[in-house]
Amino acid sequence: MDLVVAVLFQLIYVIANLALISLGLAIIFGMMRVINLAHGEFLMLGGYTVVVATNAGINIWVSMLILAPLVVGIIGVIVERLLIRWLYGRMVDTLLATWGLSLLLVGIVTSIFGASTGTTVSPPLGVVRIGDYSASGYELFLILVTIVLLIGVWLTLRFTKLGLLARGTMQNAEMASALGVSTSRIYMVTFGLGAAVSGLAGGLLAPMTGVLPTIGATYIAKAFITVISGGSAILAGTTAGSILLGGLNGIFSFIAGSTFGEIALLLAAIILLRLMPRGITGRFFRKSL
């Protein structure tokens, strides 16, 4: 019984982890159609924000839940105003620009913190007992935060004026502009929101993974695979892709090790996109958000 609980808990944690690192990209790439190759570096910056702030004496919860999304969100707004705003509708140019931004951010962080020494903070929660099974309290916290974050983004996009304007602008910017919407401001705010969500994810994962200047490379491939496999629906696609790919990753990692888990995730994504080129929500949940 303990083994079953342990496997289920780790499976749910892997799924939540995948959804967490993919949600910011789902907003920027899935919704805005901006190929952001600096997504991993936004996560990395969130992690470094937590480490630096915590080492400076700031409470770790404040560092993770407030400072990380705030700092990276501001950086995202600056990036959108200085770089991305000139490249909407030019996917190849955006890809090259954000790749260059990724290299720039890695270089800046490396020059400040060094290239090879990882930094970390200790997870703030101890062990939680589920029956006779002992689980990491912080892993349970990450699962709950991911669920709350998904619901929060859904509520924002579905029921707020900002969400309505953002969805309308992304679907037809010319019509939105004709109706008096400041599409430039909506693009800026939406990109900043996606960056803030990525920063929050990076900050939350910092106690579990540690932080390196190049840690973004471990996030970016999984995030893109998940969002692309999910399809056009931002939240339904990200959630469905995380459940499918994260579930297979977790199962194969438990059976044969983490390397085979990563291979299973990649093969599943290839087969999925071969059978459903428009992703999961291109076939199912077509009217979902």
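Given the structure is predicted, the values throughout are model-derived calculations rather than measurements.

What counts, and where the lines are drawn
- Residues numbered from 1 in each chain as written.
- Predicted model: local features only at pLDDT ≥ 70, side-chain atom pairs only at ≥ 80, totals over all residues.
- Heavy atoms only, no water.
- Helix = DSSP H or I, 4+ residues; strand = E, 2+ residues; numbered from the N terminus.
- Buried < 20%, exposed > 50% of the residue type's maximum accessible area, 1.4 Å probe, protein only.
- Contact = heavy atoms within 4.5 Å.
- Areas by Shrake-Rupley, 256 points an atom, 1.4 Å probe, with all protein chains shown as cover.
- Lys, Arg positive; Asp, Glu negative; His and termini not counted.
- Charge placed at Lys NZ, Arg CZ, Asp CG, Glu CD.
- 1 Å grid on protein atoms, 1.4 Å probe; cavity = no way out; pocket = protein on both sides within 12 Å on 5 of 7 lines; lining within 4 Å.
- Points joined across faces, edges and corners; volume = space filled by probe spheres on them.
- Nonpolar A, V, L, I, M, F, W, Y, C, P; charged D, E, K, R; others polar.
- UniProt positions renumbered as here; feature names shortened; annotations may be inferred.
- Salt bridge = Lys/Arg side-chain N within 4 Å of Asp/Glu carboxyl O.

A. Inspection of the overall build of the protein at higher detail. Looking only at helices and strands, the protein features 12 helices and 2 strands. Along the chain direction, N to C, the helices and strands of the protein fall in the order α-α-α-α-β-β-α-α-α-α-α-α-α-α. Projected onto its principal axes, the C-alpha coordinates of the protein cover approximately 60 × 45 × 35 Å. For the protein, buried positions account for 48% of its 289 residues. Contacts spanning at least 24 positions in sequence make up 76% of the contacts within the protein whose residues lie at least 6 apart. Total accessible area on the protein stands at roughly 13,800 Å², and carbon and sulfur atoms take up 70% of it. Charge-centre separation for the protein: the mean point of 15 positive side chains lies 15 Å from the mean point of 8 negative side chains.

B. Summary view of the layout of surface pockets. Considered as a void within the structure, the largest pocket measures approximately 430 Å³ in volume. If you trace the largest pocket, you find 17 residues lining it, with Val14, Asn17, Lys222, Asn249 and Glu262 closest to the centre. For the lining of the largest pocket, the secondary-structure elements that each account for two or more residues are α1 (2-31), α8 (183-209), α9 (216-230), α10 (234-256) and α11 (258-275). Examining the composition of the lining of the largest pocket, we find that 6 residues originate from one element, α1, more than from any other. Split by residue class, the lining of the largest pocket holds 8 nonpolar, 7 polar and 2 charged. By volume, the second largest pocket amounts to about 240 Å³. Lining the second largest pocket are 11 residues, and of these Gly30, Met31, Gln171, Ser232 and Ile234 lie nearest its centre.

C. Representation of the UniProt feature "transmembrane region" (unreviewed entry) in the protein. When the UniProt feature table is mapped onto this chain numbering, "transmembrane region" (unreviewed entry) sits at residues 6-30, 42-60, 66-84, 96-115, 135-157, 223-245 and 251-276. In residues 6-30, helix accounts for 100% and strand for 0%; the two terminal C-alpha atoms are 33 Å from one another. For residues 251-276, helix accounts for 92% and strand for 0%, while the C-alpha atoms at its two ends are 23 Å apart.

D. Structural context of the pattern of salt bridges. The tally for this structure, following the rule as stated, stands at 3 salt bridges. Between Asp93 and Arg90 there is a salt bridge, with the nearest N and O atoms lying 2.8 Å from each other.

E. A look at the environment of Ala264. Summarising the element assignment, Ala264 is placed in helix α11. Ala264 sits 171 residues away from Asp93 along the chain, and the two C-alpha atoms are 32 Å apart. Not counting residues within four places of it along the chain, the set of residues in contact with Ala264 comprises Leu248 and Phe252.

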